[in-house]
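Summary of structural features
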Amino acid sequence: MLEKSVKDMNIYEKTERICELLSDEESVSGELARAENLRRKLCEKDMTVAVIGQFKRGKSALSNSILGDEIMPVGIVPVTSAVTKVVAGEKRAEVCFENGKVEEVDFRDLHMYISEQENKNNELGIKEVVLHAPSEFLKRGLTFVDTPGVGSFHKNNTEVAYDHMKESDAVIFLLSVDSPINQIEIDFLKNAREFAARFYFAVNKIDTVSYDELNTYLEYCKMVLAKLMGEENIRMFPVSAKTMEGTEKLKDAIIQDLRVSPEKIMEESTSKKLYDLINDGISQLNFYWKAMNMEYKELDDRFNQIELTLADIRRRAESCPGAYNLFINEFKRELSGKVHKLFGMEYHYDIDLLKIGLTELSKEEFLKKTEELCSDLSDTLNRILLYREENAYTVCRRINKINRLTRELRRIRDSLKAEA
Ligand SMILES: Nc1nc2c(ncn2[C@@H]2O[C@H](COP(=O)(O)OP(=O)(O)OP(=O)(O)O)[C@@H](O)[C@H]2O)c(=O)[nH]1
Ligand SMILES: [Mg+2]
């Protein structure tokens, strides 16, 4: 049977095709993991709605009033420093660390992990916080996210917020009457447009201004936003997280969209995210391609450095006194970082979640796992080296394969762009 041409494929078929293409090439394993996650989210209509905006606009306060519970810490100075996801369930809070550790904490202690003052520059290494709450709003199976604010003195918060945009399908973009929309917000919104499919523009703290002041503010923002979004009529949601005025209208609009067009939102959002992912994949392939064409000595030097790191990890594993699960994750992070530094390419490992009560690896299993990690990386790199050492025919075939893959990915990317 003839393969369907890209322009006749729907988003489900394109996602499938991208997964298939990426799975055939080890240098894009990170992008493959992202594509598989998008495929799962698309099929399950697993939607993420995030509140985003500049610091102190009242994102956490609004999250609390939407969810009907005071679960997020709120404050007068920059507060939220970690992405905080909320899903439906019995009330409990989990802190997920970058090394895979997951710790159940008391809601009253959340500020110790989430707030900038108590966890400066994310010294605790927190990846995200997951809250389970029995909220009506979450019953539709969505994940609600409160994000750190952009543009404060704390650069880390801005980076975390920008990173998270890659996961949001719909966003509540929060402005506040105490400050007209500014360049920081405009830049952030421009970035958000590349990833999210739906925007709800909310203006908070309306309890602090008069009716006339609010109208002047809304007119001004509508004018700026219409230009930015390329739409004539921008719907604004004036709210007060403090008095709850207007929050029901905002919730109703979101719920209505989720009920009527979840497929449409997820399809649009997936299309945008695939576009970004393919661009990352293509630059990865370009790098691989460059490594294949790299000066022999340069390549050799970098390989030697990796071999030294692998030897060092093997030595440390031998003398490791315990906490084996944790160390496996540390080794994965170290190796990915090293490959990235030396070759500029992602080397993807899944970081295992270390939930409390999880059985600890035995020393023997730990050494086996460490060896697997080391030899896996060593094999991949040796394969590149081998291709270089092999006859010109094999090298050419490999380079051709990368070229073919790049071409097909470009075709799908361009078709996604054309649809946007
Ligand atoms: N008057 C009034 N104050 C509000 C409202 N919403 C939030 N605030 C106040 O604004 C301040 C900031 O609120 P947060 O919810 O912490 O703001 P945020 O956007 O989450 O801040 P970061 O997490 O630091 O980015 C707090 O002092 C809140 O009490 C509102 O609707 N009206
Ligand atoms: Mg906050």
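Residues numbered from 1 in each chain as written. Chains lettered and ligands numbered in written order. Predicted model: local features only at pLDDT ≥ 70, side-chain atom pairs only at ≥ 80, totals over all residues. Heavy atoms only, no water.

Counting its secondary structure elements, the protein chain contains 13 helices and 10 strands. Overall, the C-alpha framework of the protein chain stretches about 75 × 55 × 40 Å when taken along its three principal axes. For the protein chain, the residues scored as buried account for 51% of the 420 residues in total. Expressed as a percentage of contacts within the protein chain between residues at least 6 apart in sequence, the contacts between residues at least 24 apart total 78%. Here the protein chain holds 62 positive side-chain charges and 74 negative ones, and the gap between their average locations is 3 Å. (Helix = DSSP H or I, 4+ residues; strand = E, 2+ residues; numbered from the N terminus. Buried < 20%, exposed > 50% of the residue type's maximum accessible area, 1.4 Å probe, protein only. Contact = heavy atoms within 4.5 Å. Lys, Arg positive; Asp, Glu negative; His and termini not counted. Charge placed at Lys NZ, Arg CZ, Asp CG, Glu CD.)

The next thing to look at is the coordination of the magnesium ion (ligand 2). Around the magnesium ion (ligand 2), the protein contributes the donor atoms Ser60 (OG) and Thr80 (OG1), which lie 2.0 to 2.1 Å from the metal centre. With serine 60 in helix α3 (residues 59–67) and threonine 80 in the loop between α3 and β2 (84–88), this residue pair connects regions lying 20 residues apart in the sequence. (Donors = N, O, S within 2.8 Å, 3.2 Å for Na, K, Ca; no water.)

Quick look at the environment of phenylalanine 237 now. As for its position among the elements, phenylalanine 237 is in strand β9 (residues 236–238). Expressed as a C-alpha distance, the spacing of phenylalanine 237 and alanine 253, which sit 16 residues apart in the sequence, is 9.6 Å. In this view, phenylalanine 237 contacts Tyr200, Phe201, Ala202, Val203, Lys249, Leu250 and Ala253; residues no more than four positions away in its chain are not counted.

What follows concerns the site of ligand 1. Near ligand 1 there are 21 residues, and of these Lys56, Lys59, Val79, Thr80 and Asp207 occur at the shortest range. One of the side-chain nitrogen or oxygen atoms of lysine 56 is found 2.7 Å away from an oxygen atom of ligand 1. Contact between ligand 1 and alanine 61: an oxygen atom at 2.8 Å from a main-chain N or O atom of the residue. Relative to its unbound accessible area of 650 Å², ligand 1 is 87% covered by the protein chains. No other element matches the three residues that α3 contributes to the shell around ligand 1. Class assignment of the residues belonging to the shell around ligand 1 gives a composition of seven nonpolar, eight polar and six charged. (Near = heavy atom within 4 Å. Polar contact = N/O pair within 3.5 Å; in protein donor to acceptor, adjacent residues only side chain to side chain. Areas by Shrake-Rupley, 256 points an atom, 1.4 Å probe, with all protein chains shown as cover. Nonpolar A, V, L, I, M, F, W, Y, C, P; charged D, E, K, R; others polar.)

Turning our attention to the domain arrangement of the protein chain. Each domain of the protein chain was delimited in the assignment, giving domain 1 (6–41 + 269–419) and domain 2 (48–260). One C-alpha centre belongs to domain 1, the other to domain 2; they are set 33 Å apart. Counting from both sides, the interface comprises 16 residues of domain 1 and, opposite them, 18 residues of domain 2. Buried area between domain 1 and domain 2, both sides added, is near 1300 Å², and the carbon and sulfur share of it is 47%. (Domains from an automatic or database assignment. Buried area = accessible area lost by both parts, 1.4 Å probe.)

As for its placement among the helices and strands, asparagine 293 is situated in the loop between α9 (262–292) and α10 (296–318). The sequence separation of asparagine 293 and glutamate 360 amounts to 67 residues, and the corresponding C-alpha distance is 44 Å.

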